[in-house]
Structure formats: structure tokens, C-alpha cells
Amino acid sequence: MKYFSAAHIHDGRDWVADPELVLAFDEDNIFTGYVSRSGLEPDQVQELDGVLCPGFVNAHCHLELSHTKGVIPEHTGLVTFLGKVVFNRAADEQSKLQAIEIAMAALEASGCIAVGDIANTEDLLHLRLQGNMHVHTFVETMGFIPQTAAQRMTFPEQVHRSYAAQTSHPKGYVLRQSIVPHAPYSVSDKLFELIDNFEPGSLLSIHNEETPAENQYFIEKTGEMKELYKTLNIDDTYFQPSGKTSLQTYLPYIKQPHDLLLVHNTCITNEDLAYLDQYNGNVSLCLCPNANWYIERALPDIPAMMASGHNICLGTDSLASNHDLNIYGEIQKIRAHYPQIALSDLLSWATIGGARALQLDNIIGSFEPGKRPGLVQIHEEVSKRIM
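Everything in this summary refers to the structure shown in the same document. (Residues numbered from 1 in each chain as written. Predicted model: local features only at pLDDT ≥ 70, side-chain atom pairs only at ≥ 80, totals over all residues. Heavy atoms only, no water.)

## Some details on the sheet that holds strand β12 (residues 311-314)
At step 1: Taken in spatial order, the four strands make up an open sheet running β9-β10-β11-β12, and their pairing is parallel. Looking at which strands have only one partner, the edges of the open sheet turn out to be β9 (204-208) and β12. Ignoring strand direction, the axes of neighbouring strands in this sheet form an average angle of 25°.
At step 2: Inspection of the sheet shows strand β11 (residues 283-287) paired to β12 by four bridges, in the parallel sense. Among the inter-strand pairings, Cys-286 is bridged to a residue of β12, identified as Cys-313. (Pairing = 2+ DSSP bridges. Helix = DSSP H or I, 4+ residues; strand = E, 2+ residues; numbered from the N terminus. Axes fitted to C-alpha atoms, helices over the stretch in contact; angles between N-to-C directions.)

## A few points about helix α6 (residues 212-220)
At step 1: Those residues of α6 lying buried are Ala-213, Glu-214, Asn-215, Tyr-217 and Phe-218.
At step 2: Contacts made by the buried residues of α6 are with β9, α7 (224-231) and α8 (246-250). (Buried < 20%, exposed > 50% of the residue type's maximum accessible area, 1.4 Å probe, protein only. Contact = heavy atoms within 4.5 Å.)

## Points about the packing of aromatic side chains
At step 1: If you walk through the whole model with that rule in mind, you get 16 aromatic pairs.
At step 2: Ring centres of Phe-31 and Tyr-34 lie 5.3 Å apart, and the angle between their planes is 75°; on these two criteria the pair is classed as edge-to-face.
At step 3: For the pair Tyr-217 and Phe-239, a centre-to-centre distance of 4.8 Å together with 20° between the ring planes defines the contact as stacked. One end of the pair, Tyr-217, is in helix α6; the other, Phe-239, is in the loop between α7 and α8, with 22 residues separating them in the sequence. Considered together, Tyr-217 and Phe-239 belong to a single accessibility category, that of buried residues. (Phe/Tyr/Trp six-rings, centres within 6.5 Å; stacked < 30°, edge-to-face > 60°.)

## As for the sheet that holds strand β7 (residues 134-141)
At step 1: Across the sheet, four strands lie side by side as β5-β6-β7-β8; this open sheet has parallel pairing. For this open sheet the edge positions go to β5 (56-61) and β8 (175-181), each flanked by a neighbour on one side alone. Neighbour-to-neighbour, the strand axes of the sheet open up by a mean angle of 15°, direction not taken into account.
At step 2: Summarising the sheet, strand β6 (residues 112-119) and β7 pair through six bridges and their orientation is parallel. Looking at β7, one finds that Val-115 is bridged to Val-135.
At step 3: Against the sheet, helix α4 (residues 149-164) makes contact with β6, β7 and β8, and its axis sits at roughly 165° relative to β7, the strand it touches most.

## Let's talk about the side chain of Ser-202
At step 1: Mapped onto the secondary structure, Ser-202 falls in the loop between α5 (189-198) and β9.
At step 2: A distance of 2.9 Å separates a polar side-chain atom of Ser-202 from the backbone oxygen of Glu-199.
At step 3: Setting aside anything within four residues of it in sequence, one finds Ser-202 in contact with Ser-178, His-258 and Asp-259. (Polar contact = N/O pair within 3.5 Å; in protein donor to acceptor, adjacent residues only side chain to side chain.)

## Some thoughts on unusual backbone geometry
At step 1: In this structure, His-75 takes a positive phi of about 60° despite not being glycine.
At step 2: Following the sequence through the fold, His-75 ends up in the loop between β5 and α1 (78-88).
At step 3: Phi is positive for Asp-317, close to 60°, though the residue is something other than glycine.
At step 4: Tracing the backbone through its elements, the reader meets Asp-317 in the loop between β12 and α12 (327-337).

## Describing the environment of Ile-179
At step 1: Mapped onto the elements, Ile-179 comes out in strand β8.
At step 2: Of the residues examined, Ile-179 reaches a relative accessible area of 1% and is grouped as buried.
At step 3: For the pair Ile-179 and Tyr-294, spaced 115 residues apart in sequence, the C-alpha separation works out to 27 Å.
At step 4: Once residues lying within four places of it in the same chain are set aside, the contact partners of Ile-179 are Val-139, Thr-141, Met-153, Pro-156, Glu-157, His-160, Ile-195, Phe-198 and Leu-204.

## Brief notes about the nonpolar core
At step 1: Among the nonpolar cores identified, the biggest contains 85 residues, and Phe-56, Leu-261, Leu-262, Leu-276, Ile-334 and Trp-349 are the most heavily contacted of them.
At step 2: In terms of residue count, the dominant contributor to this core is helix α13 (residues 343-357) (seven residues).
At step 3: Excluding residues within four positions of it along the chain, Leu-261 makes contact with Ala-59, Phe-138, Leu-204, Ser-205, Ile-206, Ser-284, Cys-286, Cys-313, Ala-357 and Leu-358.
At step 4: Ranked by size, the runner-up nonpolar core spans 20 residues in total, among them Val-79, Phe-81, Phe-144 and Tyr-229. (Core = buried A, V, L, I, M, F, W, Y, C linked by side-chain atoms within 4.5 Å.)

This is the structure we're talking about:
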């Protein structure tokens, strides 16, 4: 058995009130429960400084873009940023794989035990077998012209088959995958329908209301998004503005009972949050504050999301839009802009909130007997994965 203690222990949901309790794990790193310090010899307990909590979950990450670190300048705005990502994502295979390996190692070292990774390629196919993390691969699909929807599904289906062929991880970590829409402004209603029916009940992720231009386009069919289509030679003649936000426009396209992970939500409104109550699956709201700040110099209305009662989790986006992939860095960003939000809530979002979002809360996210939640130490504003 292994025993750990610190001045502050967060169990994934709240602080552990009794300072005499220590964390007990078996040799397979499975949490067996809390043990009273009085029943142990002093040298049996590893006393650590700072805070201990379960392993972090990075619910939204683009590891395949790790080679673009530092390439795109800050504060370009989303529309310009998207163009620069397209222009800069090409690189030789060795450089890409090496950058991904470095990013994955840093992700693990800083506390991450699970990641929701966005994939447009098979770059992570073998690397996710080598990592020490649970991985849900979100195979991204895009195509704004309805007539090309079936054609646009062909490649993502191929990528999905490749990932699905990995039925197990050599160290027992969970590997899953699902085909998902990229964003409301890049997926037609027809393509939404194909995604919805591809694997009924699968976990879906979507970049949601990341910029004011997104909602402006859906409400009025004006603004930067319309100009972007023109620049990319995309004929959007068929599209008729709904007079509603993007969320309220596309959500009815999802008819199967998918759990849904909404990412960024920089411009989500109270009306949108209330609208989510009628959705027929579980909804998680993923915050990526450092990426929002990097791209738009904006953060979402996090207190409004808290008041909505929906599950909240954290992500880092990519190294194209962030300086690192450290979930504790996202916590620090939120604390800097919303000091009224308790650290306990933030740690819950980083742990059990992310575990729920990735449908892994039966095995990670909190210190409960039978789970293998990992262990993170936070000391002097640095987070480190202990196991």
C-alpha cells in the first residue's frame, strides 16, 4: 500500500475536512480509501507540500497542432487565426510527431491523466498507445456545402476506423473515438445529420460560439464569417440566416441522444444556456481561457455558466493558441480574471468535471474506492503528476 498526505487534499468535489485522513492506494494505483494517520507509522506516509488532488482531465486539446507553437501571433481574432492555422499546419512527419511526443510528455508531467484530443489526421494513432493517459479522440468533420456532405464524411470515417481498431492500451488506459462536427460555421445541416446518425449515442464535441462573428452570421448572414467564405471561395448562397444564435440554430440538428461537449463558449448567452435545458443528452461546457485570451482577448461569462447548473470542465486548445498545455495554467487564468470563483470549484472542473465530460467518471476524477484517479501535487503554483 501507498499513503499520501498534504496540508490540503481536494477529493475532486470538495476539500477533505479531516486533516488526520491520508490517501491510500494499492500497488496498482487504485484508490482504496481514506486512512487515519493514527493507525500508520510515520514513515509509511509520504508527506507532500501544497495541495493534492486527482489527476487532471484536459477535455479539449489539439495535439496534432503541437508543431505550430509560437508560429501564430496573439490577438488576431478567430477568423484571421483560422486562416493562419490552415496555412501553417503542414509540416514534415518527423517534426510533427516529435512535437506531439514532447507535448504529450509535458501534458502528463503537469498532471493530466485523460485528454479529449481533436483529430483531423492519424498522427496520434500510435502515440496514444505510448502515452500514460486515457484518450478520447474526436475525429473532426467539416464541410459547409450540403451537396458535399457524403463526400466530406468519407475521410473522417476512415480515420475513425483506424482509431477504433485500437481496442486496448498496453497499460490499461481507455482509448475511445467518435466523429464530431468542427464548428457551426463549418458544418452544413446535411453533414450534421450524417454525424448524428453515424454512431447514435456517441460523445460529440463542437467548437461553440467562439467569436461574435459566428452568431452575427447565423442571425444576419453578415460580418467576418461571410467575408471568410468569400475569401475561401465557398458559395454560401444556400444558407438562410435563422435570426437565432448558432447554438439555437444547430442544436435541433442533433436528434440522437448524444452527450455533448460544448467548447469555448466565449459568447454564449443566458438565453443559450437556458435553451440547453431542452437538449436530450448530458451537456458539458468546456472552458479554454488561455486560448480565448490568446486569440480574441476575451473570456466567457463563467459565473453565468456556473449558475446554469451544467457540468463544467477545462481544456487547453492547441499550442497554436496557447503557450503550454497545462490545465493548472487554465485554473490560474480563471483565478486572475474571476477571483470570486473558489479554488475548490476550479479543481472540481479540472478533475471530476472533465471526467464526466469524457464519460470516464466511473474510473477517474475523484478519490473514491475502486477508482484509479491518479494523483497531482500543486505546490508553489506548479502542478505535477505523482502517479
